[in-house]
Amino acid sequence: MTAQPTDLTQPRDLVGVGIGPFNLSLAALADGIHGGLATTFFDQNPVFRWHPGLLIDGASLQVPFLADLVTLADPTSPWSFLSYLRARDRLFPFYFAERFHIQRAEYDAYCRWVSEQLPGLHFGHQVDAVRWNPERDLFEVDFTQLDQDGEVEALGRAHARHIALGIGTEPYIPEPLKPLVEAPAAPVIHSSDYLGHRDRLLAAGHITVIGSGQSGAEIFLDLLRARPTGAEKIHWLARTEAFAPMEYSKLGLEQFTPDYTRYFHALPEHVRDDLIPRQWQLHKGIDADTIAAIHDELYRRTLHGGWPDAVLTPGVSVRTAGRVSTTKVELHLEHAQQASRSRLTTDAVVLATGYRERPLDRILAGLDPYLRRDSSGRPRIDQHHRITLDPGVTGSVYVQNGERHSHGVGAPDLGLAAWRSATILNHLTGKESYPLPRRTAFTSFGLDGRDRTRSVPAPRSLVPLTEVR
């Protein structure tokens, strides 16, 4: 029997597009607003899923458990990680485990627990378009209701005073390797699909991992541990000059604070664009414990003489690639510092090449006449994480994890999820529904104190050497 469209006959205060961790955080905190908000969140997936292909045994989050959906905005929320542990009767085991960084699989289970209990979440609903209806002063949200197999069951429309876009990121595949992924006679897979192809990869004679970040390191370590000593047959290649550790010093981490986010947002556009690529080690490096585990595993394999058959080479890029037979791939490599080129034949490739923000243009096509863009054609996003629209649009469109160009490297960081959600809800409700900290970093990121809120005393006055413009 064909299912009926979801009943959304009354306008909603907020409609969320996408139910990843960030919009799930927004939904959880919205649930705690005094007086209530009418909210609805849509996601095309049948259930909550958070990087299922990377839930490798033992892999941990790179942020503390306090960076859950709600705690850093409301530690008393019933949707906190500690509330999840209590509901599962696991508080004392967690207490004795003394874990500050939980495993990824546990974070995924926690988020799924929240998603199964929060009202107003609609999985199996694909949002097709968002438009502004000036006659009703409401957004129109067209969606397709899907069955468990992803087949169309019904079409529907919701109306909303405000929108929150949390459509997340998508796997990035470099151009030279796209033809190989699209013709997978030999396994060439993105790291996001790793676990689903792990057995097939392990059966390959030789494996190449491309990418110098945390995912590449975890996959290399997992493959290494599963291969026999002396016959590992693994290459690990990276464009970076070294397999570098992630910045994890306490003052370095202050670049993932609201103070730094405000500072970054106030910088000129060209300065922000120049700064982001230079901050790669804040989010693209490797956890020091993972680096140590890799070295320990490699060292263990030398105890009885000989070296493991594993090659780790940084500073290398893939120029082109092709298939030399139905079961092998040939990678054409270039070493930047040596200015040399080589070829590598392999039986399987894992692309730990990261993710890119999903373009907003498709979902916002109906709002294009109202959008205000920067000099690079990207939507302008204000300090409230709201897209700048024509003044005639009385509603707001908020963005989650699509504003790195305006808010910096902290945009995809789980540690800022609750703070950003609370910021959005405070703006949406027009009141301080969630009191937020006035100061979050010991570092003063600018000379004139403009990165701080006015209610906080600025650092001791400094006389500028040049006029601040």
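About the thresholds
Residues numbered from 1 in each chain as written. Predicted model: local features only at pLDDT ≥ 70, side-chain atom pairs only at ≥ 80, totals over all residues. Heavy atoms only, no water. Core = buried A, V, L, I, M, F, W, Y, C linked by side-chain atoms within 4.5 Å. Buried < 20%, exposed > 50% of the residue type's maximum accessible area, 1.4 Å probe, protein only. Helix = DSSP H or I, 4+ residues; strand = E, 2+ residues; numbered from the N terminus. Contact = heavy atoms within 4.5 Å. Phe/Tyr/Trp six-rings, centres within 6.5 Å; stacked < 30°, edge-to-face > 60°. Lys NZ or Arg CZ within 6 Å of the ring centre and 35° of its normal. Pairing = 2+ DSSP bridges. Axes fitted to C-alpha atoms, helices over the stretch in contact; angles between N-to-C directions. pLDDT = per-residue confidence, 0-100. Polar contact = N/O pair within 3.5 Å; in protein donor to acceptor, adjacent residues only side chain to side chain.

Turning to the nonpolar core, a few remarks are in order. Counting 48 residues, the largest nonpolar core has Leu24, Tyr107 and Tyr110 as its most contacted members. Broken down by secondary-structure element, the contributors of at least two residues to this core are α1 (21-30), α2 (81-87), α4 (104-117), β3 (121-123) and α12 (417-429). The residues touching Tyr107, leaving out its near neighbours within four places in the chain, are Pro21, Trp50, Leu61, Ala67, Leu69, Ile102 and Leu414. Membership of the second largest hydrophobic core comes to 26 residues, among which are Leu201, Ala204, Leu221 and Phe243.

Before going further, it helps to examine the packing of aromatic side chains. Inspection of the entire model under this criterion finds 22 aromatic pairs. Ring centres of Trp50 and Tyr107 lie 4.9 Å apart, and the angle between their planes is 65 degrees; this geometry places the pair in the edge-to-face category. Of this pair, Trp50 sits in the loop between β2 (39-43) and α2 while Tyr107 sits in helix α4, and the two are 57 residues apart along the sequence. In this pair, the class of Trp50 matches that of Tyr107, namely buried. Clustering of aromatic rings is evident, with ring pairs tying together Trp50, Phe65, Trp79, Phe81, Tyr84, Phe94, Phe100, Tyr107, Tyr110 and Trp113. Directly above the aromatic system of Tyr172 lies the positively charged group of Arg356, at a separation of 3.8 Å from the ring centroid.

Here we have three strands laid out as an open sheet, ordered β12-β13-β14, and antiparallel in their pairing. Where the open sheet ends on each side, the last strands, each with one partner, are β12 (316-323) and β14 (340-346). Looking at each pair of strands side by side, their axes are set apart by 25 degrees on average, direction ignored. Pairing analysis gives seven bridges linking β12 to strand β13 (residues 329-335), with the strands arranged antiparallel. Within β13, the position partnered with Thr320 by the bridge is His332.

Turning to the confidence of the model for the protein chain, a few remarks are in order. Summary statistics for the protein chain give a mean pLDDT of 91 and a share of 94% for residues scoring 70 or more. Segment residues 453-469 is flagged for pLDDT under 50; beyond a separation of four residues in sequence, or across chains, it makes twelve contacts in the model.

What follows is about the pairing of β13. Each regular strand carries side chains that alternate between the two faces of the sheet. Along β13, six of the seven residues are buried, which leaves the element largely enclosed by surrounding structure. With seven bridges connecting them, β13 and β14 associate as antiparallel partners. Note that in β14 the partner of Glu330 across the bridge is Thr345. Counted along the chain from β13 to the antiparallel partner β14, the turn is four residues long, and its residue Ala339 has a positive phi close to 55 degrees.

Turning to the pairing of strand β5 (residues 138-146), a few remarks are in order. Taken across its nine residues, β5 has nine buried, putting it largely inside the fold. The sheet contact formed by strand β4 (residues 125-133) and β5 spans eight bridges and is antiparallel. Bridging across to β5, Ala129 finds its partner in Asp142. Joining the antiparallel neighbours β4 and β5 is a turn of four residues, in which Asp137 adopts a positive phi near 55 degrees. In terms of strand pairing, β5 meets strand β6 (residues 152-165) through eight bridges, oriented antiparallel. Counterpart to Leu146 in the pairing with β6 is Val152. Counting the residues that bridge the hairpin from β5 to β6 gives five residues, and of these Gly150 lies at a positive phi of roughly 85 degrees.

One can find Glu254 in the loop between β10 (234-237) and α8 (258-266). Here Phe442 takes part through its backbone nitrogen, which lies 2.8 Å from a polar atom of the side chain of Glu254. If near-sequence neighbours (up to four positions away) are discounted, Glu254 is found in contact with Tyr260, Ala441, Phe442, Thr443 and Phe445.

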